[in-house]
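The chain contents come next:
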Amino acid sequence: MRFQFLRLTNTSYRCLVERRKHGMSLCTPFMKYASTPQLHMTRRSLHTIFQPKRVLILTKLSRLEFEKLRQPEQSDGELESVLRHRGSDYSTLLYHHYIHKGCESRVHKCFQEFGVETRLVNRFNYTQENIDWADVIVTTGGDGTFLMAANRIQDRNKPVIGFNTDPTRSEGYLCLPKKYSVNVREAVRKLFEGKFLWTFRRRIRITLTGECVFEPPVELHDQQLAHPEFRFFDCLQEQHQSAGTCEAPANSATQRTRVLPVLALNEVYFGECVSARVSYIEVGVDGGEKVKSKNAGLCVTTGTGSTSWSYNINKISKSMVKDLFEIIEQDENEQTIALSGIPQNKVIRSTNNLLIDRITTMYNSKLIFNPESGFMQYTIRDPISSYTLPCANEICPRGLAKRLDVRSRCFDACLVIDGGLSFSFNDGTHATLEVHDSDALRTIVDVEREIDNHNFNSSNDNDMSSKSKLVSDSLT
């Protein structure tokens, strides 16, 4: 690599926050500086040496570009007529297309101004050759484009940096703060001045064992776009060519093992391809005995993905909290009457909107955990109780694990990585999910935002250690 990295420990981060609060210099002797896998104690400033020579810019397809690829034979006027007839607002599509392209152009131009050699690619030519050529991968789009880039990165020392090109339509959790969508030059300047922190987002490694584990995966985007993109095609072929153990034996009846060549940054989903069907799987947590479960699918997420699909599966609404308070109030009143025979003044909670909002927010916030955590969170969706299986309340529907073993009892099921790549996962196929430090994705955190927004309590020594640990009590 052509640049070196700095990383902060919990102690050094705490020191930074305290020094910033008191207006002191951000230089601190507690920082750890590393140019090799080993970390060495040395006195450094907050500035990281960041001097890439080659930057690969992966840009998303705008909705307008997507529609043009679907219907390449049509002129712009004909496409506009088709989209308006379909009920789409063509003017809005065009407007957001230009917003995206404007940001993309600014990113490209700013890196060139710093003397960096650049290549601009989309998902059709995001190949392993281009990835190997680059020192840094920069994405222009949203979280989907960032995930597309991250899936293919196997080298822990190759960073991925995301620019949210249209923050009015995309939250961009994985990208730089929204202000840099406009102030691109400021973001690039900070990068080259080293005013950022590295963060290492943990990813999930998947090992499949079964008869059909070498069947080619399905690109889910291909089902939307008649034009095939083959985002992972060369990655899959290269793995077969580079490792003899990856070649499938001639006897298709034998069990074979395969480590998938892509890593999940957000989540891995197991379930029947048709969502109306019941999924039947066996799940083992951290080497424990496998438990049979009929459900609507299994979602396994990293800390990065805990703000995404997993969050929306598990979050509760204000109406649910209100209903629970009403049940509690009713039960308390009945218990009081049963004990004393006289109803007492009830504590009314179900009409206290501030309390309901606070409890809802507290619960939902605990569903999110640190992207650097070595744990995974699993969620069994809608477990079904059956007399031939353990009752639903005997199967923990959500929990933490460092290793998950999942065996399929389905007949037309899939294993989907980050919503983009689907592998067959039918009866008898076994999947092992693990998180390894060596698989982490290197990306960045904006220093000024991180320090300014951190509400540090100097009296609590556990605050900083909790930044690198999973909020496990939220799931127990």
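Nothing here was measured: the structure is a model prediction, and the numbers come from that model.

Rules used throughout
Residues numbered from 1 in each chain as written. Predicted model: local features only at pLDDT ≥ 70, side-chain atom pairs only at ≥ 80, totals over all residues. Heavy atoms only, no water. Helix = DSSP H or I, 4+ residues; strand = E, 2+ residues; numbered from the N terminus. Buried < 20%, exposed > 50% of the residue type's maximum accessible area, 1.4 Å probe, protein only. Contact = heavy atoms within 4.5 Å. Phe/Tyr/Trp six-rings, centres within 6.5 Å; stacked < 30°, edge-to-face > 60°. Lys NZ or Arg CZ within 6 Å of the ring centre and 35° of its normal. Pairing = 2+ DSSP bridges. Axes fitted to C-alpha atoms, helices over the stretch in contact; angles between N-to-C directions. Salt bridge = Lys/Arg side-chain N within 4 Å of Asp/Glu carboxyl O. 1 Å grid on protein atoms, 1.4 Å probe; cavity = no way out; pocket = protein on both sides within 12 Å on 5 of 7 lines; lining within 4 Å. Points joined across faces, edges and corners; volume = space filled by probe spheres on them. Nonpolar A, V, L, I, M, F, W, Y, C, P; charged D, E, K, R; others polar. Patch = residues over 30% accessible without salt bridge, like charges linked within 9 Å, V, L, I, M, F, W, Y side chains within 5 Å. Areas by Shrake-Rupley, 256 points an atom, 1.4 Å probe, with all protein chains shown as cover. Parallel < 35°, antiparallel > 145°, perpendicular 65-115°, else oblique. Expected span 1.5 Å × (residues − 1). Left-handed = near helix turned anticlockwise from the far one by under 90°. Polar contact = N/O pair within 3.5 Å; in protein donor to acceptor, adjacent residues only side chain to side chain.

Colleague: A description of the overall build of the protein chain should follow, citing residues and the corresponding values.
Modeller: The helix and strand inventory of the protein chain stands at 14 helices and 22 strands. Burial statistics for the protein chain: of 476 residues in total, 46% are counted as buried. Once local pairs closer than 6 in sequence are excluded, the contacts in the protein chain between residues at least 24 apart make up 73%.

Colleague: Any details on the packing of aromatic side chains? Residues and values, ideally.
Modeller: Throughout the structure, instances matching the rule amount to eight aromatic pairs. Taking 5.7 Å as the distance between ring centres and 85 degrees as the angle between the ring planes, the aromatic pair formed by F50 and F196 counts as edge-to-face. Placement of the pair is F50 in the loop between β3 (40-41) and β4 (54-59) and F196 in strand β8 (residues 196-201), with a sequence separation of 146 residues. In terms of burial, F50 and F196 fall into one category: buried. Between F270 and F425 the ring centres are 5.0 Å apart and the planes differ by 55 degrees, which places this aromatic pair in the tilted class. Taken together, the residues F270 in strand β12 (residues 267-272) and F425 in the loop between β20 (421-424) and β21 (430-435) connect sequence positions 155 residues apart. In terms of burial, F270 and F425 fall into one category: buried. Aromatic rings pair up to connect F50, F111, F114, F192, F196 and W198 into one cluster. Taking NZ or CZ as reference, R119 lies 4.1 Å from the ring centre of W133, over its face.

Colleague: Now, about the sheet that holds strand β13 (residues 279-285): what can you tell me, with residues and values included?
Modeller: Backbone-to-backbone hydrogen bonds pair the strands of a sheet. The strands run either parallel or antiparallel. Spatially, six strands are ordered β11-β9-β21-β18-β13-β14 in an open sheet, and the strand pairing comes out antiparallel. Of all the strands in the sheet, the pair left with one neighbour each is β11 (256-259) and β14 (291-295). The average undirected angle you get between the axes of adjacent strands in this sheet is 25 degrees. Pairing geometry for β13 and strand β18 (residues 403-408), over five bridges, is antiparallel. Within β18, the position partnered with V285 by the bridge is L404.

Colleague: If you had to explain the pattern of salt bridges to someone new, which residues and values would you point to?
Modeller: Here the structure, examined in full by the defined rule, presents 21 salt bridges. One salt bridge in this structure joins E193 and K195, with 3.3 Å as the shortest N-O distance. Look at E193 and you get partly exposed, because its relative accessible area is 32%. Close ionic contact of E282 with R409 constitutes a salt bridge, the shortest N to O distance being 3.1 Å.

Colleague: Report on the layout of surface pockets, specifying residues and quantitative values.
Modeller: Counted as a void, the second largest pocket has a volume near 790 Å³. K60, L61, G142, G144 and T145 are, among the 33 residues lining the second largest pocket, the residues nearest its centre. Here the lining of the second largest pocket gets six residues from one element, more than from any other, and that element is helix α6 (residues 143-152). When its residues are assigned to classes, the lining of the second largest pocket shows seven nonpolar, 17 polar and nine charged.

Colleague: With reference to specific residues and values, describe unusual backbone geometry.
Modeller: The phi angle at D382 is positive, at roughly 45 degrees, despite the residue not being glycine. Residue class for D382 comes out exposed when judged on its relative accessible area of 56%. Although it is not a glycine, D418 adopts a positive phi angle of roughly 50 degrees. Take D418: it is sitting in the loop between β19 (413-417) and β20. Assessed through its relative accessible area of 10%, D418 is described here as buried.

Colleague: For a nonpolar patch on the surface, give the residues involved together with the corresponding values.
Modeller: Nonpolar side chains collect at one region of the surface, where L324, I327 and I328 lie side by side and expose about 280 Å² of accessible area between them. Within the secondary structure layout, I327 lies in helix α11 (residues 318-340). Residue I327 is classed as exposed on the basis of its relative accessible area of 54%.

Colleague: So what's going on with the packing of helix α2 (residues 63-70) against helix α4 (residues 90-113)? Residues and values would help.
Modeller: For the pair α2 and α4, the least separation of the axes is 8 Å and the interaxial angle reads 115 degrees. Viewed along their axes, α2 and α4 adopt a mutual orientation that is roughly perpendicular. Residues R63, L64 and E65 of α2 touch α4, and the partners they reach there are Y90, L93, L94, H97 and K101.

Colleague: So, α11: which residues are in play, and what are the values?
Modeller: The end-to-end C-alpha separation of α11 is 33 Å, in line with the 33 Å expected for 23 residues at 1.5 Å each. If you check which residues of α11 are buried, you get V321, F325 and E329. Summarising the contacts, the buried residues of α11 are in contact with α12 (353-365).

Colleague: An account of the packing of α4 against helix α8 (residues 184-193) is requested, with residue identities and associated values reported.
Modeller: Where α4 contacts α8, the two axes come as close as 9 Å, and the packing angle between them is 35 degrees. Taken as a pair, α4 and α8 cross one another with a handedness that is right-handed. Together, C103, R106, V107, C110, F111 and E113 of α4 and V184, R185, V188, L191 and F192 of α8 make up the contact between the two elements. Counted by class, the contact of α4 with α8 contains eight nonpolar, no polar and three charged residues.

Colleague: Now, about the environment of K158: what can you tell me, with residues and values included?
Modeller: Looking at the element boundaries, K158 is found in the loop between α6 and β7 (160-164). A distance of 3.2 Å separates the side chain of K158 from the backbone oxygen of I131, its partner in a polar contact.

Colleague: Give me the lowdown on the sheet that holds strand β10 (residues 218-219), citing residues and values where you can.
Modeller: Read from one edge to the other, the open sheet built from seven strands follows the order β10-β20-β19-β12-β15-β16-β17, with strand pairing classed as antiparallel. The open sheet is flanked by β10 and β17 (398-401), the only strands paired with a single partner. Bridging between strand β16 (residues 376-380) and β17 involves four bridges; their strand directions are antiparallel. Among the inter-strand pairings, Q377 is bridged to a residue of β17, identified as L400.

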